[in-house]
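Understanding the architecture of this molecule
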Amino acid sequence: MKALVLSGGAGTRLRPITHTSAKQLVPVANKPVLFYGLEAIAEAGITEVGIIVGETAEEIREAVGDGSKLGVHVTYIPQESPLGLAHAVLIAREFLGDDDFVMYLGDNFIVGGIAGLVDEFRAERPAARLLLTQVPNPRAFGVAELDPAGRVVGLQEKPAEPRSDLAVVGVYLFTPAVHEAVRAIEPSWRGELEITDAIQWMLDQRLDVRSTLISGYWKDTGNVVDMLEVNRSVLETLERRIEGRVDEASEIVGRVEIGEGAVVEGSRIVGPVVIGPGTVISGSYVGPFTSVSENCRIEDSEIEFSIVLRDSSLLGVRRVEASLIGRNVEVTPASRVPDAHRLILGDHSRVQISS
């Protein structure tokens, strides 16, 4: 069995972060989201992985390499433009051959992994198996319709009037039967080859399409709110580990991980918190559910429920919360006179200002 991991999207909902970084590499608890998926694939006993890459291919290649550090062997498959999930299957035909495979969206996060699902699929081998979960806003997802016996009878892609509240999670399991399906369909109104259309074609051909309703934690980390929520979820499992230096004037409360070479001086850290190697925290408060990456500097500041990427600094800032701060960012107080806001913002930014 092989795996096909999709990492070619532009990440428009995470701008401006994704203007300069692949959305699949934004870190959760100081580890790229993509790595969690690759590790889950390896834990399921799958080692041959094809990664679909687009305009951020170079960055993905640099981060993942040949995959050996994550327990897999990676083949990169270029996609000139994001033309749909079914298109990804189409261009990966040579890599996939006649093997069964799991398709995993690189920005999705599933607590508990996929090993049990893969084992079940190997034992039963339906033409396809979908993962479903109940959502409050099905219009934003592919939606599955089940009959009274729980069998999949229909699929809709981002429907205006959903026929259920069961969203298709970004992990699919297929036999080679899907290859005929992706060749048979036409582009949707969005100009993409939709995997929901391919699966609907399989249903129309009376192929065996099954589903599993997952009750565990799943998130599509495509926006800031969900990214922070996934960060919170991962930090809940954190173990206390202090490898850096903490002075006597500092207080460390709860599950806190402090990386090698990090320094905490005159500060209060309340876990769960992870602080990356080489970061300096001085005269500050770092509150729960915060990830601070490597080589950052937080001085005379307060921050909680946030993600700070590498080489960034917060100097004399009170108070920062529910924030995603990119790489090489400097956050400092604005001058109080004149009474005005001075902003330098990337495209598609959203800013809340108390005035």
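Comments concerning the confidence of the model for the protein chain
On average, residues of the protein chain carry a pLDDT of 88, and 90% of them reach 70 or more. Of all secondary-structure elements in the protein chain, the lowest mean pLDDT belongs to strand 13 (residues 218-220), at 61, while strand 21 (residues 280-282) reaches the highest, 98. Counted against residues more than four places away or in other chains, residues 11-20, with its pLDDT under 50, gives 28 contacts.

Overview of the pairing of strand 5 (residues 73-78)
Where strand 4 (residues 48-53) and strand 5 come together, six bridges link them in parallel fashion. Bridged to Gly 50 within strand 5 is Thr 75. Handedness of the strand 4-helix 2 (residues 57-64)-strand 5 crossover: right-handed.

Overview of the sheet that holds strand 27 (residues 313-315)
Reading across the sheet, the six strands line up as 15-18-21-24-27-30 and stay open at both edges, with parallel pairing between neighbours. Lying at the two open borders of the sheet, with one neighbouring strand each, are strand 15 (245-246) and strand 30 (330-331).

Thoughts on the pattern of salt bridges
A complete count under the given rule lists 30 salt bridges for this structure. Lys 2 is paired through a salt bridge with Asp 99; the nearest N and O atoms lie 3.2 Å apart. Within this pair, whereas Lys 2 is found in strand 1 (residues 2-7), its partner Asp 99 is found in the loop between helix 4 (93-96) and strand 6 (101-105), the two being separated by 97 residues in sequence. Take Lys 2: its relative accessible area is 17%, and that puts it in the buried class. The partner of Glu 304 in a salt bridge is Arg 319, with the nearest N and O atoms 2.8 Å apart.

A short note on the packing of aromatic side chains
All chains considered together, the criterion is met by two aromatic pairs. Consider the rings of Phe 101 and Phe 174, whose centres lie 5.5 Å apart with planes at 45°: the pair is tilted. Of this pair, Phe 101 sits in strand 6 while Phe 174 sits in strand 11 (residues 166-174); the two residues are 73 residues apart in sequence, bridging distant segments of the chain. For Phe 174, a relative accessible area of 0% translates into the label buried.

A word on the pairing of strand 6
Within strand 6, five of the five residues are buried, leaving the element largely enclosed by the surrounding structure. Here strand 6 shows two buried faces, one formed by Phe 101, Met 103 and Leu 105 and the other by Val 102 and Tyr 104. Sheet topology places strand 6 next to strand 11; four bridges connect them, and they run antiparallel. Following the sheet pairing, Met 103 is matched in strand 11 by Tyr 172.

Digging into the sheet that holds strand 23 (residues 290-292)
Taken in spatial order, the six strands of this open sheet run 14-17-20-23-26-29, and their pairing is parallel. Each having just a single partner strand, strand 14 (241-242) and strand 29 (324-325) make up the two edges of the open sheet. Strand direction decides the pairing type here: strand 17 (residues 256-258) and strand 20 (residues 273-275), joined by three bridges, are parallel. Looking across to strand 20, one finds that Glu 257 is bridged to Val 274.

Regarding helix 6 (residues 177-184)
Those residues of helix 6 not exposed but buried are Val 178, His 179, Ala 181 and Val 182. Buried residues of helix 6, viewed axially, fall in a sector of 160°; they line one side.

What to know about helix 5 (residues 115-124)
For helix 5, every residue scored as buried is listed here: Leu 117, Val 118 and Phe 121. Burial along helix 5 is one-sided: seen end-on, the buried residues are contained in an arc of 100°. Of the exposed residues in helix 5, the ones pointing more than 90 degrees away from its buried face are Gly 116 and Ala 123. In the core, the buried residues of helix 5 are packed alongside strand 8 (128-134), strand 11 and strand 12 (209-213).

Rules and cut-offs
Residues numbered from 1 in each chain as written. Predicted model: local features only at pLDDT ≥ 70, side-chain atom pairs only at ≥ 80, totals over all residues. Heavy atoms only, no water. pLDDT = per-residue confidence, 0-100. Helix = DSSP H or I, 4+ residues; strand = E, 2+ residues; numbered from the N terminus. Contact = heavy atoms within 4.5 Å. Pairing = 2+ DSSP bridges. Right-handed = clockwise from strand over helix to strand, strands pointing away. Salt bridge = Lys/Arg side-chain N within 4 Å of Asp/Glu carboxyl O. Buried < 20%, exposed > 50% of the residue type's maximum accessible area, 1.4 Å probe, protein only. Phe/Tyr/Trp six-rings, centres within 6.5 Å; stacked < 30°, edge-to-face > 60°. Arc of directions from axis to C-beta.

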